[in-house]
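Results of the structural survey
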Amino acid sequence: MRTARCSCGSVEIEALGTPITSVVCYCDSCQKGSRQIEALTNAVPILGPDGGTAYVLYRKDRIKYSKGAELLKGYKIEEKSTTSRVVATCCSSAMVMRFDDAKHWVPVYRARFQGDMLPLQWRICTKFKPENAGVPTDIPSSTMYPAGFMWKLLTSRISMLFSR
């Protein structure tokens, strides 16, 4: 089990088992959502210097809000968006993304974890990176969603079906 904590420690999320994957996303939505959160009072930066936002993806059934769930607030980029970026209101820490649709995974902001983590595996949606940003070459990058990333999402969904 790994624990994701807000900056002040009032909110904790337990992530059970092995994550699906760990990525940095450069899509327009992640950039805009990260800037929206960073504009909150006392928020810490979550956008990397290259314009990417780092996440660790867990199956939805492996996430437990263990402390301070009442302090969480979702922010949407647009009113009709199916994605909320969830922030700990106590200290404006970005915690997770929630989807209103049938997605079976929860992206947890990587910065919320302490200690050993699954190494970053991909940089995704790099075609949206800021114009002058250089994307590091330390891990595979893809202009959209690489086949290996999609395979991990699919196999995690199948695993969920058989774990009930």
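Residues numbered from 1 in each chain as written. Predicted model: local features only at pLDDT ≥ 70, side-chain atom pairs only at ≥ 80, totals over all residues. Heavy atoms only, no water.

1. A closer look at the layout of surface pockets
Roughly 350 Å³ of volume is contained in the largest pocket. Taken together, 19 residues make up the lining of the largest pocket; nearest its centre are Met97, Phe99, Lys103, Trp105 and Tyr145. Contributions of two or more residues to the lining of the largest pocket are made by strand S3 (21-25), helix H1 (28-38), strand S4 (53-59), strand S7 (83-88), strand S8 (93-99), strand S9 (105-109) and helix H2 (147-162). Take the lining of the largest pocket: its biggest share by element is three residues, from H2. Residue classes in the lining of the largest pocket are distributed as 15 nonpolar, two polar and two charged. (1 Å grid on protein atoms, 1.4 Å probe; cavity = no way out; pocket = protein on both sides within 12 Å on 5 of 7 lines; lining within 4 Å. Points joined across faces, edges and corners; volume = space filled by probe spheres on them. Helix = DSSP H or I, 4+ residues; strand = E, 2+ residues; numbered from the N terminus. Nonpolar A, V, L, I, M, F, W, Y, C, P; charged D, E, K, R; others polar.)

2. Overview of the pattern of salt bridges
Tallied over the full model, the rule gives six salt bridges. Put simply, Arg59 and Asp61 hold a salt bridge, and the shortest N to O gap is 2.8 Å. For Lys103, the salt bridge is made with Asp101, and the minimal N-O distance between the two is 2.7 Å. You can call Asp101 partly exposed: its relative accessible area is 31%. Overlapping salt bridges, with partners in common, bring together Asp50, Arg123 and Asp138 in one network. (Salt bridge = Lys/Arg side-chain N within 4 Å of Asp/Glu carboxyl O. Buried < 20%, exposed > 50% of the residue type's maximum accessible area, 1.4 Å probe, protein only.)

3. Thoughts on the pairing of S9
Within S9, five of the five residues are buried, which leaves the element mostly enclosed by the surrounding structure. Of the two faces of S9, the one lined by Trp105, Pro107 and Tyr109 and the one lined by Val106 and Val108 are each fully buried. Across five bridges, the pairing between S4 and S9 is antiparallel. Bridge pairing in S9 links Tyr55 to Tyr109. (Pairing = 2+ DSSP bridges.)

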